[in-house]
Amino acid sequence: MKKTVLYIIDSLEVIGGAEFMLLAPLAEIHNSYKIIIVTLYPATTIHENFFFGDKQYCLNMQSRKDVLKSARKLKKIIKDNEVNFVHSFLYWSIVVARLACGKKTPHIFSLSTMMKDHIYTHKWYSRYTQLIDMVTYKSNQVVIAPTSEVLTDFNKAVGIKGKSRVLYNFVLDDFFEIQQKYNYTSSKLKLVAVGNLKEVKNYQVLINAFKFLDKLPVTLDIYGEGALRNSLQKQITENNLPIILKGSCNKIYEILPRYDAFVMSSFVEGFGISVAEAMSVGLPVLLSDIKVLREVSQNNALFFDPSSPKSFAEIIKSILSGEQNLNAFSEKGKIIASKNYTKEKYIKGLVNLYEETIQPI
């Protein structure tokens, strides 16, 4: 008889990184486990490309004041369905799961970003979120981190109390299947960036850098949407920059091979899945010099200071002058991605961790 795993996440209305990492492996995991999905908040969107488990529940949480009430609801769901263990994603779902599981039900939670350097610092009430983590996190809970840097960051802020595991995020097979022989010989440079238009992605440094690249044969297309679209577009138009905001794209693996290199300028990342996707396709990557992106790329990238437009501009000039061997970056990147970021490798690591965690009810 299959064991039962319960997944809990804030919502599945919009599929971001954490939501994808929950849903994308479920069809394969369902071969071994019965699956229950719980969300804090209701959603109306139906995502036909994903398997949504054997049962679904919504706790209908209205605000953070409902945390204890939601935990009681979840505890009843766990009991009624004889759940063997719980896997939670995102901050408030993790907190609710901790309270519901207590000492009896094994609980695995997945970190998705830097906590000490981001979540605990970016808003006035952030110190309370750190305190809640310190109080609710117990030694019987298992931590999954997408990179060693994220785990180190959490350890500095809260302290690792029990079992922990670094499990790299994975890239869909589509990206590996579309690999082409990369051969950069052109005197032009077509760049691509992928990510939501928000402050942490730091597109501002790229816009400012392009002001130093006047008349050079370089362009940038940015795929993603967000609150900063209007302000970014205004700057692009006013300065007549060769940057296009392309909007959202559901099949980015079909788009990436059209470009010469990939760019990520983020201030903070937990993993940077679009970097791994670009490497899988065979694109060289130009990355902000932060520890997480050095880990994901295994230093096989051209790095720039995310606070310095001139730093990025100098990299572009070095490529156009022939100082950089983009072909070598491409070949090594494909090897790194194939070795570390496949779905098969992720699921194998996840199922092994599940088997280690399961305890009889």
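So, here is what we can say about the structure in this document. (Residues numbered from 1 in each chain as written. Predicted model: local features only at pLDDT ≥ 70, side-chain atom pairs only at ≥ 80, totals over all residues. Heavy atoms only, no water.)

**Remarks on the packing of helix α3 (residues 67-80) against helix α4 (residues 91-101)**
If you want to describe how two helices pack, look at the angle between their axes and the distance between the axes.
And then number 1: Look at α3 against α4: their axes get within 8 Å of each other, and the N-to-C directions meet at 60 degrees. As far as their axial angle goes, α4 and α3 are oblique. Crossing hand, α3 versus α4: right-handed. Where α3 abuts α4, its residues V67, L68, S70, A71, L74, K75 and I78 lie against W92, V95, V96, A97, L99, A100 and C101. (Axes fitted to C-alpha atoms, helices over the stretch in contact; angles between N-to-C directions. Helix = DSSP H or I, 4+ residues; strand = E, 2+ residues; numbered from the N terminus. Parallel < 35°, antiparallel > 145°, perpendicular 65-115°, else oblique. Left-handed = near helix turned anticlockwise from the far one by under 90°. Contact = heavy atoms within 4.5 Å.)

**Here we look at the packing of aromatic side chains**
And then number 1: Evaluation of the coordinates by the stated rule reveals 16 aromatic pairs.
And then number 2: Between Y33 and F85, the aromatic rings sit 5.9 Å apart at their centres with planes inclined by 85 degrees, giving edge-to-face as the arrangement. With Y33 in strand β2 (residues 33-39) and F85 in strand β4 (residues 85-89), this pair connects stretches of sequence that are 52 residues apart. Residue Y33 shares its accessibility class with F85, and that shared class is buried.
And then number 3: With a centroid separation of 5.7 Å and 90 degrees between ring planes, the pair formed by Y33 and Y354 is classed as edge-to-face. Note that Y33 is positioned in strand β2 and Y354 in helix α16 (residues 343-357), a separation of 321 residues in sequence. Of the two residues examined, Y33 and Y354, each falls in the buried class.
And then number 4: Through successive ring pairs, a cluster of aromatic residues spans F20, F50, F170 and Y346.
And then number 5: In this structure, R98 packs its charged tip against the face of F109, placed 4.5 Å from the ring centre. (Phe/Tyr/Trp six-rings, centres within 6.5 Å; stacked < 30°, edge-to-face > 60°. Buried < 20%, exposed > 50% of the residue type's maximum accessible area, 1.4 Å probe, protein only. Lys NZ or Arg CZ within 6 Å of the ring centre and 35° of its normal.)

**Remarks on the pattern of salt bridges**
A side chain with one charge may pair with a side chain of the opposite charge, provided their charged atoms come close.
And then number 1: Evaluated as defined, the whole model comprises eleven salt bridges.
And then number 2: For the salt bridge of D80 with K76, the shortest nitrogen-to-oxygen distance reads 2.7 Å. Taken together, the residues D80 and K76, both in helix α3 and four residues apart, mark about one turn of the helix. Note on accessibility: D80 and K76 belong to one class, exposed.
And then number 3: For the salt bridge of E225 with R229, the shortest nitrogen-to-oxygen distance reads 2.9 Å.
And then number 4: On the accessibility criterion, R229 (23% relative accessible area) is partly exposed.
And then number 5: One salt-bridge network, in which partners are shared between bridges, spans K163, R165 and E356. (Salt bridge = Lys/Arg side-chain N within 4 Å of Asp/Glu carboxyl O.)

**Comments concerning the pairing of strand β6 (residues 141-145)**
And then number 1: Taking burial as the measure, the five residues of β6 include five buried ones, the bulk of the element.
And then number 2: Alternating residues of β6 divide into Q141, V143 and A145 and V142 and I144, and every residue in both groups is buried.
And then number 3: In the sheet, β6 pairs with strand β7 (residues 164-166) via three bridges, with the strands oriented parallel. Following the sheet pairing, V143 is matched in β7 by S164.
And then number 4: Read from β6 through helix α7 (residues 148-157) to β7, the crossover connection turns out right-handed. (Pairing = 2+ DSSP bridges. Right-handed = clockwise from strand over helix to strand, strands pointing away.)

**Brief notes about empty space enclosed by the protein**
And then number 1: Following the criterion strictly, the structure yields one cavity of 30 Å³ or more and no others.
And then number 2: Here the largest cavity defines a volume of roughly 60 Å³.
And then number 3: Along its surface, the largest cavity is lined by A193, V194, K201, Y203, L206, F262, V263, M264, S265 and S266.
And then number 4: Going through the elements one at a time, β8 (189-194), α9 (203-210) and β11 (261-264) are the ones with two or more residues in the lining of the largest cavity.
And then number 5: Class assignment of the residues belonging to the lining of the largest cavity gives a composition of seven nonpolar, two polar and one charged. (1 Å grid on protein atoms, 1.4 Å probe; cavity = no way out; pocket = protein on both sides within 12 Å on 5 of 7 lines; lining within 4 Å. Points joined across faces, edges and corners; volume = space filled by probe spheres on them. Nonpolar A, V, L, I, M, F, W, Y, C, P; charged D, E, K, R; others polar.)

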